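Geometric and topological summary
Residue-level listing of the chains:
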Amino acid sequence: MSVLKHTRPADGVVATVNGAPLALEGAPGRRLSAALRGAGLTDVKVGCDAGDCGACTVLVDGAPRCACLMSTAQAEGRTIETLSGLSASGETAALADAFLARGAAQCGICTPGMMVAATAALRAGPPDDDAIETALAGVLCRCTGYQPIVDAVRDVVRGRHDPAPDDEGHVGASIVRLDGPKKCDGRERFGDDVAPAGALHMRIIRSPHPHAAFALEGLKAFAAARGLVALTAEDVPGENRFGVIPAFADQPVFAQSVARFPGEAVAALVGPADAIAALTDVPVRFEALPAATAPHEATAEGAPILHPGRPGNVMCRGRVSCGNADAALADAAVTATGRFTTPFVEHAPIEPEAGYARRTGDRLEIFAATQAPHMDREAVAAILGLADDAVRIVPTACGGGFGTKLDLSVQPYLALGTWVTGQPVRLAYTRKESMQATTKRHPADITATVGAAADGTLTAMTFSGTFDTGAYASWGPTVATRVPVHASGPYRVPHYTATSAAIHTHNPPSGAFRGFGVPQSAIAQEVLFEDLARALGIDGLTFRLKNALRNGDTTVCGQTFPSGVGIAACLEALRPHFDSARRVTEGTVRRGVGVAAGWYGCGNTSMPNPSTMRAIARPDGKIVLHQGATDIGQGANTVITQIFATALGVPATAVTLVGPDTDETPDAGKTSASRQTFVSGNAARLAGEALRAELLRLGNAGPDATIRVPALTIVDGAREQTLALTAPVEVSRTYDPPTEPLDENGQGAPYAVFGYAAHMAEVAVDMALGTVRVTRMTAAHDVGRAINPTLVEGQVTGGIAQGLGMALMEEYIPGRTENLHDYLIPTIGDMPPVKTLIIEEPDPHGPYGAKGLGEHVLIPTAPAILNAIRDATGARLTAVPATPDRVLAAIKAQS
Ligand code: FES
């Protein structure tokens, strides 16, 4: 590689790296991961700098090691191999093929570590299944649920090669992801991989307290004395305020005099890397103020008010009501009621937020991972006081998002630092910063009551949810609106009242996290439905099937879908698995089975939600799709191309993609709310159909003609004509789902399409220890049409992993769990086998019938696990995570 240096610096050490001597620069104590990355080996990823995530795994004298836990001095004379050096070797090349075939690289940030660890295992001899899991156990993946990765390694051991699927790559074909190869050989470039050499570094100064006054006197002089530039609120040339929902925008880039959550930015220092690295204490004085760190404290008399104009710290409320729930509950044959609590949950993408910015004349360009490039552009332009088109956002590969990268993180700081200094600036959050300063899943405190007739027919439900939305609005209004719409679950509930409130506290802002509050409400609803089923002596699956929405039924919002309602099909698909599952209700280790269902409206709630795609046929015969939907690992690049290619009638591999870039691609909207396959997929379908019509018109051909690439030959029966284009043929098409506003009772048409899911959990519970092991998950998902079944399965296994984490182990406590050893996410050893059942009930609005999937995949998981624990032990859990102490307490309470 050109970056290798063959001379040994006076104070440096030399190792053999990827087959050649490399002088590792920097102090002897510098982390090996940093030295390797500094030498250009950006395939060595950094996720935690603490040996927790394994993303930086390299081979040292053949053995896998976390490069972040080794110093450069320890590397002296050693042989080091990274993915980019290994990728041409036999084992690793075979692994790459298998990873691609199995969809084992989603976002791809863990992939180098996984493949390096797997290579070591393969070199040691054919590993059995236990050895594979042991070899990979030190590497965390937040996307896949590990099953595709284990399957891929197993395929290499067994020499299995799947035949290539449908080479047209049209809708329904499990083609390998189009952006997959570079994820599997180390070439993929994430937020911290793109900055030019010599870019300035940045350190953000953050509040250590939930609520604090602070003074910055002397900071500018302190910075100047060290050759640095200090940035504070007074340096913001535009609005010192941002937020994803304009009417609620309330978060400052830098707090002014008062900080409202632990980790809030109050200032930043910019300068050369060594000067930033040398910083220790900075002259910023904080004075802790009384804080309200829970909704009940924030709404108490005399509580500090976080935002004038939001009395009682109530940010917003939501409501859906139909029928007369109180009267129907009074008449019910059986009722169940309960209070349920859920904590902050951290997204924990393996890639911390990172990027760089540069100034090009009067324009600013930001290269960073994001889920919402056009929203970022508008927000950054407002902060800098520039026109929108003076800012360009170029998303890098995104190493996991799950909702947290919908909000601005590093972008405002990069923008300001670059604008003020005129030089490129880079910034990568540490793991602690990432966990402190970015959004979380809303903690919920829910009280609900449900009722049913003696024959098991649901009659009524009341629901009241309080959500801790933290210091700033972020997506809190979306959660408050979405939850009452979804809290019934996918069931007929004729009498229903659901309310929600989002309350400000001195906690980190709660935002979007796979489900926007619905996973929390599903826990309450599905545990209470289990209560009803038990009280009526009906098994949980039969009870749910009896009450599941069907085509033509009316939802709690008064919406009726004549077709495409697939929840009953999902539940029916679980039946044989439910009937044959093993139950053990005696002894120390008990086994039980639990079921839960979920639904999720795809796209924005009752709001415009457009996506635009542009397609071009060039005179050289190239078909180019400008698609701006960010692929955060879920597969948008591939799925949207498959839809477009199907509509146009050419192979997917014939399409050249121009990826998200606000200068190059029209606005496809944000990657959230399970909308890209549905909304951007429809825009791609329309663009494909329009381009096809135009090409056939130019070829004077009928609608059934064939388009052959690369020469753009139109074949219409016996007639063939190669188009001689003298100019590009360009089309642009927009799709916006048909929705209607909700009235004051939440009645209307909030979504054009819902997706449906039903999960079955099997668990083993140790009655003495309270430990829970999930032994198997069976997941039925109605996706309308599986555009790419392998990618569907990958979403399901990954979503279940996050749902399992929410059920059993994940709880973010501000100030206490700000790393990946105190905050636990599922490892390979926590994951059970997952059986995915794909249900296809086509939706008339979906592209080729397809519905969204991204959020649906974890909504039923946690309640299914809680219901399985109850089946095994009788213990009714009303709080997650179901840690051993909580499980033991619940066992004791029921006995
Ligand atoms: Fe493993 Fe994203 S693919 S963390």
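Residues numbered from 1 in each chain as written. Predicted model: local features only at pLDDT ≥ 70, side-chain atom pairs only at ≥ 80, totals over all residues. Heavy atoms only, no water.

1. Here we look at the overall build of the protein
Basically, it comes down to this: Helix numbers and strand numbers start at the N terminus; a helix is a DSSP run of H or I with at least 4 residues, a strand a run of E with at least 2. When we talk radius of gyration, it's over C-alpha atoms, and the globule rule is simply 2.2 Å times the number of residues to the 0.38. A simple rule labels every residue: compare its accessible area, found with a 1.4 Å probe on the protein chains alone, to the largest value its type can have, and call it buried under 20%, exposed over 50%, or partly exposed in between. Where accessible areas are quoted, they stem from the Shrake-Rupley method and a 1.4 Å probe; at the residue level, only the protein chains shown are allowed to cover. We count Lys and Arg on the positive side and Asp and Glu on the negative side, and we leave His and both chain ends out. Working definition for charges: the position is that of NZ of Lys, CZ of Arg, CG of Asp or CD of Glu.
Secondary structure assignment for the protein yields 23 helices and 33 strands. Here the C-alpha radius of gyration of the protein, 27 Å, is about what a compact globule of 895 residues would show, namely 29 Å. Principal axes of the C-alpha set define a box for the protein whose edges measure 85 × 85 × 60 Å. For the protein, with 895 residues in total, the buried portion stands at 62%. Carbon and sulfur atoms form 50% of the exposed surface of the protein, whose accessible area is close to 30200 Å². Looking at the protein, you have 74 positive and 91 negative side-chain charges, and the mean spots of the two groups are 2 Å apart.

2. With respect to the packing of aromatic side chains
Short version of the rule: Think of it this way: a Phe, Tyr or Trp ring, Trp meaning its six-membered ring, pairs with another when their centres are within 6.5 Å, and the plane angle makes it stacked under 30 degrees, edge-to-face over 60, tilted otherwise.
Summed over the entire model, instances satisfying the criterion amount to 13 aromatic pairs. For the ring pair phenylalanine 214 and phenylalanine 286, a centre distance of 6.0 Å and an interplane angle of 45° mean the geometry is tilted. With phenylalanine 214 in strand β7 (residues 212-215) and phenylalanine 286 in strand β11 (residues 285-288), this pair connects stretches of sequence that are 72 residues apart. Since its relative accessible area comes to 23%, phenylalanine 286 is described here as partly exposed.

3. Let's talk about the pairing of strand β4 (residues 63-66)
Here is the rule we go by: A strand pair is defined by DSSP finding two or more bridges across the two strands.
In the sheet, strand β3 (residues 57-60) pairs with β4 via four bridges, with the strands oriented antiparallel. Bridge pairing in β4 links valine 60 to alanine 63. Taken together, β3 and the strand that follows it, β4, pair antiparallel across an intervening segment of two residues, in which aspartate 61 is found at a positive phi of about 50°.

4. Brief notes about the state of the cysteines
Under the convention used in this document: The disulfide definition used here is simple: a pair of cysteine sulfur atoms within 2.5 Å.
Scanning all chains against the criterion turns up zero disulfides. For the unlinked cysteine cysteine 184, the closest cysteine sulfur is that of cysteine 110, found at 9.8 Å. In this structure cysteine 184 comes out as buried when scored by relative accessible area, which is 2%.

5. Description of the nonpolar core
Selection rule: Throughout, nonpolar core names a set of buried Ala, Val, Leu, Ile, Met, Phe, Trp, Tyr and Cys residues whose side chains join them through atoms within 4.5 Å. Residue contacts are defined here by distance: any two heavy atoms, one from each residue, within 4.5 Å place the two residues in contact.
Counting residues in hydrophobic clusters, the biggest one holds 157 residues, and the most contacted among them are Phe99, Ile567, Ile865 and Ile869. Counting residues per element, this core draws most heavily on helix α16 (residues 518-536), which supplies nine residues. Contacts of isoleucine 865, omitting those with residues within four sequence positions, involve Ala761, Val763, Val774, Met777, Leu804, Ala807 and Leu808. With 45 residues, the next largest nonpolar core counts Ile640, Ala705, Leu723 and Ile787 among its residues.

6. Notes on the sheet that holds β4
Whenever strands of a sheet pair, they do so through backbone hydrogen bonds, lying parallel or antiparallel. The following threshold applies: To obtain an axis, a line is fitted to C-alpha atoms, over the contacting stretch when the element is a helix, and the angle between two such axes runs from 0 to 180 degrees between their N-to-C directions.
An order of β2-β1-β5-β3-β4 is seen for the five strands of this open sheet, with the pairing classed as mixed. The open sheet is flanked by β2 (20-24) and β4, the only strands paired with a single partner. On average, each strand axis in the sheet is inclined to that of its neighbour by 40°, with strand direction left out of account. The strands that helix α4 (residues 111-123) touches are β3, β4 and β5 (79-81); relative to β3, the one it contacts most, it runs at about 35°.

7. With respect to the sheet that holds strand β30 (residues 729-735)
With mixed pairing, the four strands of this open sheet are ordered in space as β26-β25-β24-β30. With one partner strand each, in any of the chains shown, β26 (655-658) and β30 form the two edges of the open sheet. The mean inter-strand angle of the sheet, taken between neighbouring strand axes irrespective of direction, is 20°. Two elements, strand β24 (residues 611-617) and β30, share seven bridges in a ladder whose sense is antiparallel. Each residue of the ladder has a partner; that of serine 611, found in β30, is tyrosine 735. Strands in contact with helix α20 (residues 676-698) are β24, β25 (623-626) and β30; relative to β30, the strand with the most contacts, it is inclined by about 150°.

8. Here's the deal with unusual backbone geometry
Keep in mind that most residues, glycine aside, have a negative phi and that most peptide bonds are trans. Cis rather than trans, the peptide bond between valine 709 and proline 710 has omega equal to 5°. Checked against the element boundaries, proline 710 lands in the loop between β27 (706-708) and β28 (713-716). With an omega dihedral of 0°, the bond running from valine 880 to proline 881 counts as a cis peptide bond. Within the secondary structure, proline 881 sits in the loop between α22 (861-873) and α23 (884-894). At aspartate 49, a position not held by glycine, the phi torsion is positive, near 55°. Considering the arrangement of structural elements, one finds aspartate 49 in the loop between α1 (32-38) and β3. Given the relative accessible area of 32%, aspartate 49 is considered partly exposed. You will see that tyrosine 848, though not glycine, has its phi angle at about 60°, which is positive.

9. Looking at the packing of helix α19 (residues 636-648) against α20
What counts, and what does not: Every angle not falling under 35 degrees, over 145, or within 65 to 115 is termed oblique; those three ranges are roughly parallel, roughly antiparallel and roughly perpendicular. Crossings are assigned a handedness: left-handed for a near helix turned anticlockwise from the far helix by less than a right angle, right-handed for a clockwise turn.
It is at 7 Å that the axes of α19 and α20 come closest, and there the two elements cross at 30°. Considering their axes alone, α19 and α20 lie roughly parallel with respect to each other. Every pair of crossing elements has a handedness; the one defined by α19 and α20 is right-handed. On α20, the residues touching Val639, Ile640, Ile643, Phe644, Ala647 and Leu648 of α19 are Gln676, Thr677, Ser680, Gly681, Ala684, Arg685, Ala687, Gly688, Glu689, Leu691, Arg692 and Leu695.

10. Topic: the side chain of threonine 439
Where we set the bar: For this analysis, a polar contact is any N or O atom pair within 3.5 Å, provided that within protein one partner can donate a hydrogen and the other can accept it, and provided that sequence-adjacent residues contribute only side-chain to side-chain pairs.
With respect to the secondary-structure elements, threonine 439 resides in the loop between α14 (431-437) and β19 (440-441). Residue classification places threonine 439 among the buried residues on the basis of a relative accessible area of 5%. Reaching out from threonine 439, the side chain makes a polar contact with the side chain of threonine 404 at a distance of 3.3 Å. For threonine 439, the contacting residues outside a window of four places in its chain are Glu346, His347, Thr404, Asp407, Ser474, Pro509, Ser510, Gly511 and Ala512.

11. Quick notes on the environment of threonine 396
Within the secondary structure layout, threonine 396 lies in the loop between β17 (391-395) and α13 (411-421). The spatial distance from the C-alpha of threonine 396 to the C-alpha of glycine 659 is 9.8 Å, given a sequence separation of 263 residues. Discounting residues that sit within four places of it in the chain, threonine 396 has contacts with Arg189, Phe190, Gly191, Val194, Phe367, Ala368 and Ala369. A polar side-chain atom of threonine 396 sits 3.3 Å from the main-chain amide nitrogen of glycine 191.

12. Notes on helix α15 (residues 476-486)
Of all eleven residues in α15, ten are buried, a share of seventy percent or more. Of the surrounding secondary structure, the elements contacted by the buried residues of α15 are β12 (314-322), β21 (458-470), β22 (495-504), α16, β23 (589-601) and β31 (754-766).

13. Brief notes about the environment of cysteine 48
Summarising the element assignment, cysteine 48 is placed in the loop between α1 and β3. In this structure cysteine 48 touches Cys53, Arg431 and Leu820, once residues within four positions along its chain are discounted.

14. Observations concerning the pattern of salt bridges
Here is the rule: Within this document, salt bridges are pairs made up of a side-chain nitrogen of Lys or Arg and a carboxyl oxygen of Asp or Glu, the two lying within 4 Å of each other.
Counted under the stated rule, the structure contains 45 salt bridges. Arginine 310 is the partner of aspartate 250 in a salt bridge, and the nearest nitrogen-oxygen pair spans 2.6 Å. With aspartate 250 in the loop between β8 (229-231) and β9 (258-259) and arginine 310 in the loop between α10 (295-298) and β12, this residue pair connects regions lying 60 residues apart in the sequence. You'll find aspartate 250 and arginine 310 in the same group, each marked buried. Linked through salt bridges whose partners overlap, the residues forming this network are Arg102, Asp129, Asp151, Arg154, Asp155 and Arg160.

15. Here we look at helix α6 (residues 147-158)
So the rule is basically this: To estimate the expected span of a helix, subtract one from its residue number and multiply by 1.5 Å.
Given a rise of 1.5 Å per residue, twelve residues ought to cover 16 Å, and the 16 Å separating the end C-alpha atoms of α6 matches this to within 8%. Those residues of α6 not exposed but buried are Pro148, Ile149, Val150, Asp151, Ala152, Val153 and Asp155. Packed against the buried residues of α6 are α3 (90-102), α4, α5 (129-136) and α21 (789-808). Backbone geometry just after α6 places glycine 159 at a positive phi near 70°.

16. Considerations on the side chain of threonine 469
Here threonine 469 is to be found in strand β21. Overall, the relative accessible area of 0% leaves threonine 469 in the buried class. Here histidine 442 takes part through its side chain, which lies 3.0 Å from a polar atom of the side chain of threonine 469. Every residue in contact with threonine 469, bar those within four places of it in the chain, is listed here: Met315, His442, Gly476, Ala502, Ile503, His504, Pro508, Pro509 and Ser510.

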